[in-house]
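Residue-level structural notes
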Amino acid sequence: MPKTENSLNVKNQSKRNGKRSFSVSRRLVAGAVASSLVILPATSAFAAPADNSEAIGQLIDTNLLKQDLLDAVKSTAGDISDPGPNQKKLALGGIELPLISNGTNNGLLDLGSVGLLSSYAAAPNAQTAKAAAGVLGENGIIKIGSGTSPYDNATIDLTRLLTGLGVSGLSNKVLDEFELSLGAVASTASKSNGKITSDYKLADAELNIGSPLVANLTKTLGKSVNGIGSTLNTAVGTKGVLGSAVNALNVNVNVLGLVKLKTSDVSIGINGLDKALDVVVKDVLQGTVKDKNGLVKIDLKTGDINVDLAKLVKNNPKTGDLNGLAPNTEVLTAATISKITDGVAQALGTVVADLNTALKKALNSVELVITVKANAKALLLAKVNGDVVIKSTLGGLAGVKGAAAPKATTTLTVKVLGIKLSVGKIVEPILNAVLKLVKAPAGLLLNDVLGSVEPTLTKVVNPVLKTLDPVLEKVISKALKVTINEQKNPKATDNESFTVSAVTVTLLPNANTSNTAKVSLATSTVRAKDNASK
């Protein structure tokens, strides 16, 4: 839903997908996104002039925060001024720091309770430097395994960017929430005798997108399902195709030449239709759907679209996840954004097939009941009481292969001169006559109902996709750039610095401004001499 706050903060929130989040959001003024930000220089090492080597481990590196705030989550070292090792451990549980505001807010950096985060830096001699940041153990060792982690996610909330993107067709009825969720992160870098090594870990990364347009599908498709119920109810009415058929029933049965029975007062009804259709709506339209690759998951009830970004780079043969990727891997390219929109289309497309299957099952679970009363004309003194009741599914009446055959029961009793006669010869001809009358119209009704399901539902889903797909593609490409294993100066030589960040998010990457906002998580920087002779 639309955000009323637009503060830059890091806080613990409860998201619609049920995760607690370590959230980094930007306070923005709609329509003046880039120009309204207070942009400050990115951080760099603060080694003394005499230091030959230095290291920085930093949890958050961004051009949106003041230097003193960045220092709070940073460790530094220099071989002469302070060789270390230095490690800051933040046992997070309510630490709050003021943030740069846009002039009107009192935003807070609330580190919440997301676990143990650390920064580490050591520069023991002129040729050696090591830095690390993120979820670390002693001596800057990364403690995150690959894949899902128990740590809370960092969330960059981009919802307030939506109105300033200038995307045609975008409104809060199409998209009303847009955020990037990042799992636990860590990085490490070292330089020793001229050799640079680095590593990073990122537990997971997701795009979480809210779409009222998708949420409204449930209502619209639900009306289509109810329309099928109305069609069946009409069919069994007096003027309906099945009601008219059974009302034409006319059977004369002679019982041993003693009693003539004539059918009358035939009625037909449906049992359990509303309940069966309610189950269809609950199971299909209030559940989740996915594309075949598991890239996109959509909650039909809420309209939430979840995109697992790991699936976009899962071609990594070694790890099959977000780790071990090549330096400066861009996650959201034209090709991968196209995969996302294709995944959304495919996931929503499964709704039609799922509803079709569920409705077929529902029609086989509802019970049609035909009740036939019999009038007696006695040749001798006779007494007749009761009905013949035929129960079947629509498929059974239509003679569909595999459907259970209709069954007839009776409460008829026939007595002549006080002697009770068998009614078996009465029930069978009545059953056969009924089935003969209703088989053809039941078959036509079944084909009409099931045949109309897919086209009807497709007409509902296609306009949603036609609106959503181009908007989604443009929003993702304009709003952010995500770089994993970002490396700066990877071939650094003597006295040059090397930096690795587990993940860097650039907001409004195509904006026509030099003040593009960037946030890097888990950044490690090292600088050292290549050898002792220099």
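Residues numbered from 1 in each chain as written. Predicted model: local features only at pLDDT ≥ 70, side-chain atom pairs only at ≥ 80, totals over all residues. Heavy atoms only, no water.

**Thoughts on the side chain of K191**
Here is the rule we go by: Here a strand is any run of E in DSSP of at least two residues, a helix any run of H or I of at least four, and the numbering for each starts at the N terminus. Here the term buried applies to any residue with accessible area under 20% of the maximum for its type, exposed to any over 50%, and partly exposed to those in between, with areas from a 1.4 Å probe on protein chains only. Residues adjacent in sequence count toward polar contacts only when both atoms are side-chain atoms; beyond that, a polar contact is any pair of N or O atoms within 3.5 Å, and within protein one must be able to donate a hydrogen and the other to accept it. The criterion used for residue contact is that any of the two residues' heavy atoms lie within 4.5 Å.
Mapped onto the fold, K191 is located in strand β12 (residues 185-192). Residue K191 is classed as buried on the basis of its relative accessible area of 1%. Polar side-chain contacts of K191 include one of 3.0 Å to the backbone oxygen of T493. At 2.9 Å, the side chain of K191 forms a polar contact with the side chain of D530. Beyond its immediate stretch of four places on either side in the chain, K191 contacts Q127, T128, A129, I196, A492, T493, D494, N495, E496, V526, A528 and D530.

**Focus on the packing of helix α2 (residues 212-235) against helix α4 (residues 273-285)**
Our working rule: Lines are fitted to the C-alpha atoms to define the axes, a helix being fitted only along its stretch in contact, and any angle between axes, read from their N-to-C directions, falls within 0 to 180 degrees. Each angle receives one of four descriptions, namely roughly parallel if under 35 degrees, roughly antiparallel if over 145, roughly perpendicular if within 65 to 115, and oblique otherwise. The sense of a crossing depends on the near helix, which, turned anticlockwise from the far helix by less than a right angle, makes the crossing left-handed and, turned clockwise, makes it right-handed. Residue classes follow a fixed rule: Ala, Val, Leu, Ile, Met, Phe, Trp, Tyr, Cys and Pro count as nonpolar, while Asp, Glu, Lys and Arg count as charged, and any other residue, Gly among them, counts as polar.
For the pair α2 and α4, interaxial distance at closest approach is 10 Å and the crossing angle is 160°. Compared by their axis directions, α2 and α4 come out roughly antiparallel. As for the relative orientation of α2 and α4, their crossing is right-handed in sense. Residues T218, L221, G222, V225, G229, L232 and N233 of α2 form the contact with α4, whose own contacting residues are L273, L277, V281 and L285. Split by residue class, the contact of α2 with α4 holds seven nonpolar, four polar and no charged.

**What about the sheet that holds strand β27 (residues 480-488)?**
Inclusion rule: Pairing between strands is defined by DSSP: at least two bridges between them are needed.
Spatially, six strands are ordered β4-β3-β29-β28-β27-β20 in an open sheet, and the strand pairing comes out antiparallel. The open sheet has two edge strands with one neighbour each: β4 (74-78) and β20 (329-330). As paired elements, β27 and strand β28 (residues 497-507) share eight bridges and run antiparallel to each other. Considered in β28, the bridge of I484 is made with V503.

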